[in-house]
Amino acid sequence: MLQTFYPTQYLDSAYQVDFDGLYQEGYRGVIFDIDNTLVPHGAPADARARELFAHLKKLGYQCCLLSNNKEPRVRMFNEHIKVKYIHKAHKPRTANYKKAMRMMKTNAGNTLFVGDQIFTDVWGANLAGIRTVLVKPMNPKEEIQIILKRYPEKIVLFFYKKWLKKQGKQDRHRCKGGKK
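Model, not experiment: these values are computed from the prediction.

Student: Kindly report on the state of the cysteines, identifying the contributing residues and their values.
Tutor: Summed over the entire model, instances satisfying the criterion amount to zero disulfides. Cysteine Cys63 is unpaired, with the sulfur of Cys64 as its nearest cysteine sulfur at 8.8 Å.

Next up, the structure:
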């Protein structure tokens, strides 16, 4: 039952994902959460985020930001990134994951999602059939409703790591650069 919340991959940072390797595997679209995935909550796109998106575009990826935030927040982050975006996404509902794929002209088989929350980001992407990359939150300072979700997330992660070990993939959650 808990497996519906398990990510395909669990990394320390969105900046460790092996996007080059995934592109070679056939992935063409990346959907990103913003806050605590790419930058601390409320921060604008920093140099590292701008470099990442420039690299993804150069590789040939289509990108879309999918955020439960209001439009001013998402638009401000996207000012220097200049990718497609959906605000007030109502994650984990799957409708806007599917809309993002339509906007990028991709499908569940060649799209991945990168985010920091299990019960919104990962669960919604899993329900939409998209490969998921869960990353550790960048900053411990979060809104109270997110802090409260982090406690049950710890339980899911405990069982996820136990499941990985049982599957013989104990190092998968610690992998660097997305490699097993």
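From this point, the narrative continues.
Student: Give a description of the nonpolar core that names residues and reports values.
Tutor: One finds Phe19, Phe32, Phe53, Leu65, Phe77 and Val114 to be the most contacted residues of the largest nonpolar core, which totals 28 residues. Every element with two or more residues in this core is listed here: helix H1 (19-24), strand S2 (29-32), helix H2 (47-59), strand S3 (62-66), helix H3 (71-78), strand S5 (111-115) and strand S6 (131-135). In terms of residue count, H2 provides more of this core than any other element does, four residues in total. If near-sequence neighbours (up to four positions away) are discounted, Val114 is found in contact with Ala14, Phe19, Val30, Ile31, Phe32, Asp33, Thr37, Val133 and Val135. In terms of nonpolar packing, the next biggest core, distinct from the first, is built from 13 residues, Ile86, Ala89, Tyr97 and Ile130 among them.

Student: Got a sec to walk through the sheet that holds S3? Specific residues and values, please.
Tutor: Ordered by their spatial adjacency, six strands build an open sheet running S1-S6-S5-S2-S3-S4, and the pairing between neighbours is parallel. A single partner strand is all that each edge strand has here, and the edge strands are strand S1 (9-11) and strand S4 (84-86). Going across the sheet, the axis of each strand differs from the next one's by a mean of 20°, ignoring polarity. Two elements, S1 and S6, share three bridges in a ladder whose sense is parallel. Within the sheet, the bridge partner assigned to Tyr10 lies in S6 and is Leu134. Contacting S2, S3, S4 and S5, helix H4 (residues 95-104) crosses the sheet at an angle of about 165° to S4. Those strands touched by helix H5 (residues 118-127) are S5 and S6, and its axis lies near 165° from that of S6.

Each value, and the rule that gives it
Per chain, the residues get numbers from 1 upward, laid out in the order the sequence is written. Totals for whole chains, interfaces and linings use all residues, but because this is a predicted model, local features are given only for residues with pLDDT of at least 70 and pairs of side-chain atoms are given and counted only at 80 or more. To get the side-chain values, take all heavy atoms of the structure and skip hydrogens and water. Disulfides are defined as cysteine sulfur pairs within 2.5 Å. We define the nonpolar core as a collection of buried residues of types Ala, Val, Leu, Ile, Met, Phe, Trp, Tyr and Cys that are connected through side-chain atoms lying within 4.5 Å of one another. Burial here depends on accessible area, computed with a 1.4 Å probe over protein chains only, as a share of the maximum for the residue type. Under 20% is buried, over 50% is exposed, and the range in between is partly exposed. Labels follow the DSSP assignment, with helices taken as runs of H or I lasting at least four residues and strands as runs of E lasting at least two, numbered in each case from the N terminus. Contact between two residues is taken to exist if any of their heavy atoms lie within 4.5 Å; hydrogens are not considered. Note: two strands are recorded as paired if DSSP finds a minimum of 2 bridges between them. Axis lines are fitted through C-alpha atoms, for helices just across the contact stretch, and the angle between N-to-C directions can take any value from 0 to 180 degrees.

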